[in-house]
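# Structural overview for review
The residues making up each chain are set out below.
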Amino acid sequence: MRSGRSDVRGAGTLPGMGAYDLSLEELTGILAGWGEPAFRARQVHRQLWRRAARYEDMTDVPPPLRERLAAEVPLGVEVLEERTADGGATRKALLGLGPARHLVEVVLMGYRDRVTACISSQAGCAMGCGFCATGQMGLRNNLTAGEIAAQVMWAFREARRLPASTPRRLANVVFMGMGEPLANERAAFGAIERLVDPRGPKLGARHVTLSTVGLVPGIRHLGERFPQVGLAVSFHAADDELRDRLVPINRVHPISALVAAMREHRARTRRRPSIEWAMIDATNDSDDQARKLVRIARELGAHVNLIPLNPTPGWPTEPSSPQRIRGFVGVLESGGVNVTVRDTRGRGIEAACGQLRLAHDAAARG
Ligand code: SF4
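The sections below set out a description of the structure shown in this document.

Together, Arg42, Arg46, Arg50, Arg169 and Lys202 make up a positively charged patch on the protein surface. Following the sequence through the fold, arginine 50 ends up in the loop between helix H2 (38-49) and helix H3 (63-72).

The next subject is unusual backbone geometry. Peptide bonds are trans in most cases, and residues, glycine excluded, mostly fall at negative phi. At aspartate 86, a position not held by glycine, the phi torsion is positive, near 55 degrees. Its location among the elements puts aspartate 86 in the loop between strand S2 (77-85) and strand S3 (90-97).

If you look at the biggest cluster of nonpolar residues, it comprises 107 residues, and the most contacted ones within it are Tyr55, Leu170, Phe235 and Ile275. Ranked by the residues each element gives to this core, the list is headed by helix H5 (residues 145-159), at 9 residues. Grouped together as the second largest cluster of nonpolar side chains are 5 residues, Val107, Met109, Cys118 and Val174 included.

Here the focus is the site of the ligand. If you check the shell around the ligand, you find Cys125, Met127, Gly128, Cys129, Cys132, Gly135, Gly179 and Val213 and nothing else. Looking at side-chain class alone, the shell around the ligand contains 5 nonpolar, 3 polar and no charged residues.

Below, the discussion takes up the side chain of threonine 212. For threonine 212, the location among the structural elements is in strand S9 (residues 208-212). A polar contact is formed between the side chain of threonine 212 and the side chain of glutamate 180, at a distance of 2.9 Å. A distance of 3.4 Å separates a polar atom in the side chain of threonine 212 from the backbone nitrogen of leucine 215. Residues contacting threonine 212, with those up to four places away along its chain left out, are Glu180, Leu182, Ile219, Leu231, Ala232, Val233 and Ser234.

With that settled, the discussion passes to the packing of helix H10 (residues 287-300) against helix H11 (residues 322-334). Close contact between H10 and H11 brings their axes to 9 Å; oriented N to C, the two are set at 35 degrees. The way H10 lies across H11 gives a crossing that is right-handed. Contacts between H10 and H11 pair Asp287, Gln289, Ala290, Arg291, Leu293 and Val294 from the former with Arg324, Gly327, Phe328, Val331 and Leu332 from the latter. Taken together, the residues that form the contact of H10 with H11 break down as 6 nonpolar, 2 polar and 3 charged.

Parameters at a glance
- Residues numbered from 1 in each chain as written.
- Predicted model: local features only at pLDDT ≥ 70, side-chain atom pairs only at ≥ 80, totals over all residues.
- Heavy atoms only, no water.
- Patch = residues over 30% accessible without salt bridge, like charges linked within 9 Å, V, L, I, M, F, W, Y side chains within 5 Å.
- Areas by Shrake-Rupley, 256 points an atom, 1.4 Å probe, with all protein chains shown as cover.
- Salt bridge = Lys/Arg side-chain N within 4 Å of Asp/Glu carboxyl O.
- Lys, Arg positive; Asp, Glu negative; His and termini not counted.
- Charge placed at Lys NZ, Arg CZ, Asp CG, Glu CD.
- Helix = DSSP H or I, 4+ residues; strand = E, 2+ residues; numbered from the N terminus.
- Core = buried A, V, L, I, M, F, W, Y, C linked by side-chain atoms within 4.5 Å.
- Buried < 20%, exposed > 50% of the residue type's maximum accessible area, 1.4 Å probe, protein only.
- Near = heavy atom within 4 Å.
- Nonpolar A, V, L, I, M, F, W, Y, C, P; charged D, E, K, R; others polar.
- Polar contact = N/O pair within 3.5 Å; in protein donor to acceptor, adjacent residues only side chain to side chain.
- Contact = heavy atoms within 4.5 Å.
- Axes fitted to C-alpha atoms, helices over the stretch in contact; angles between N-to-C directions.
- Left-handed = near helix turned anticlockwise from the far one by under 90°.

Spelled out as structure tokens, the structure:
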């Protein structure tokens, strides 16, 4: 574990706006005001989005301009803490983002065939899912589009330090970290636009997945704006009575409305959605829940991902036992549903979303 490494510091003259929030046109306007030609803005923009960690690394930009940029247009990405697990294949950071230094988590996971970054859309979350460490802290702040995209730039750089058994190149981004992206829709969509921009990191939209707890209007907007972006919905319960308790937003958008929105999304995008399901001991892991889930997953043609619960101090419940998970999987498979049990990457480094931030807050309180 290393801590306190800072990528860029500097007082900004653009309150609320870090460098990753600026379009090329806006950056060109600022540099023109400093008497710089347009090609300089293109140089700086290209470096920003092609993985330069600091202005001082932009060796094709004159030093006085680099210094002025660092002072007046800070990158706004401070690495406060980094931890690794799984032989270095899982890397997690607590970042301080933007002039307000919003604390969020980002996780990089290297597999044999792919590298995936899990990014946050909000500092905290207002959705109140009791089993989730981020839900337990409540919503602290929305992130800007640039602050969301900046996490991916950390992940691009960090991917080079993954073990040689992985491709060491970030190709997939999932919005599954802290926060509900569709509760911060404008910024989340702005971040996607930046990430798929051919002048930026050029991620393929099909390699981006947005995970939601089920905000129905946002699911519709996502399908309209980004038909190639994948949709994952955190269900965790297959009837309204249980889901109202586990996922409180279900009282606003019940399962029938959610399934209708997902059906519409599938018809519009032709992309198979996935259903995320935290396996919680003696709570949502019964055969009865599995049978109800079979009906929903088959109707949607959805893939089901089961994630053994990562226990949090604020919710004294255990993950389902391996035997119960096998039983649950058996019901799904015999119902014709494709199912994957996700590995629990990063146990021991507070890898579940929000846990590192909570640990950091507790340490700060002493
Ligand atoms: S599970 Fe997702 S939506 Fe629910 S509180 Fe946690 S971050 Fe928010």
